[in-house]
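Examining the three-dimensional arrangement
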Amino acid sequence: MRNTEASSQWPAKLDAIDRAILQELQIDGRLSNVDLAQRVHLSPSACLRRVKALEEQGVVDRYVALLNPRAIGRHGTSYTIVNLESTQPGKLEAFERAVKDTPEILDCFYVAGANDYLVRFTYRDAEDLERFHAEVLPRLPGVVRSNSMLVLRTVKKTSALPL
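What comes next concerns the included structure. (Residues numbered from 1 in each chain as written. Predicted model: local features only at pLDDT ≥ 70, side-chain atom pairs only at ≥ 80, totals over all residues. Heavy atoms only, no water.)

1. Here's the deal with the nonpolar core
We count it as follows: Only buried residues count toward a nonpolar core, which is a set of Ala, Val, Leu, Ile, Met, Phe, Trp, Tyr and Cys residues joined through side-chain atoms within 4.5 Å. Think of it in three bands: residues with accessible area under 20% of the maximum for their type are buried, residues over 50% are exposed, and the middle band is partly exposed, with areas taken using a 1.4 Å probe on protein chains only. The numbering of helices and of strands both runs from the N terminus, where a helix is a DSSP run of H or I of at least 4 residues and a strand a run of E of at least 2. Two residues form a contact once any of their heavy atoms are found within 4.5 Å.
If you look at the biggest cluster of nonpolar residues, it comprises 16 residues, and the most contacted ones within it are V82, F95 and L140. Listing elements by their share of this core, those giving two or more residues are β1 (76-84), α4 (89-100), β3 (117-123) and α5 (126-136). Apart from the residues within four sequence positions on either side, V82 is in contact with F95, N115, D116, Y117, V119, L137, V143, R145 and S146. Of all hydrophobic cores here, the second largest spans 12 residues; its members include L36, A37, L54 and V60.

Structure follows, in structure tokens:
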């Protein structure tokens, strides 16, 4: 669904109807076009045209199913700060390639400040967390230090962007 050519036109110009469509799709991406059109007070054909335009512009990046981590045995979440031995471009690229090939890592952000990356992963139990720290993190290229923060309780979590 990604349209990289459209990104040169960002930020997209969104009117009130586009925002309403996007808000509804962020709540339920499986809405039928008919239901979506009713919710935003458009005809189904006009609604479909607008959704297609939002997709073509790259505003709608993709549609996904969000899983409940606990339902699949992933009871813990960790945010880990990672520091590399060097921030030379080749070292960063090697680390980032390895991260992309590591399925346990859900998110990885290159950050400003005293640290280099912020990584998010989920784990089953204490043994799985220990395995990640003993086997996965140290094998990533250039890692010299990491510091994990374990989530005790989720206060707010959303994938919906404010419009």
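2. Some remarks on the side chain of R120
The condition is simple: Here a polar contact is taken to be a pair of N or O atoms separated by no more than 3.5 Å, where protein atoms must pair a possible hydrogen donor with a possible acceptor and residues adjacent in sequence count only if both atoms sit in side chains.
Relative to the helices and strands, R120 is located in strand β3. When its relative accessible area of 16% is taken as the criterion, R120 is described as buried. A polar contact of 2.5 Å, which involves the side chain of R120, links it to the side chain of D107. Aside from chain neighbours lying at most four places away, what touches R120 is T77, S78, Y79, E104, I105, L106, D107 and K157.

3. What about the packing of helix α2 (residues 33-40) against helix α3 (residues 44-56)?
The cut-off we apply is this: Axes here refer to lines fitted to C-alpha atoms; in helices the fit is confined to the stretch in contact. Angles between the N-to-C directions go from 0 to 180 degrees. For this classification, under 35 degrees means roughly parallel, over 145 means roughly antiparallel, 65 to 115 means roughly perpendicular, and everything else is oblique.
Between α2 and α3, the shortest axis-to-axis distance is 9 Å and the interhelical angle comes to 100°. As far as their axial angle goes, α3 and α2 are roughly perpendicular. Residues N33, L36, A37 and V40 of α2 lie in contact with α3, whose contacting residues are P44, C47, L48 and V51.

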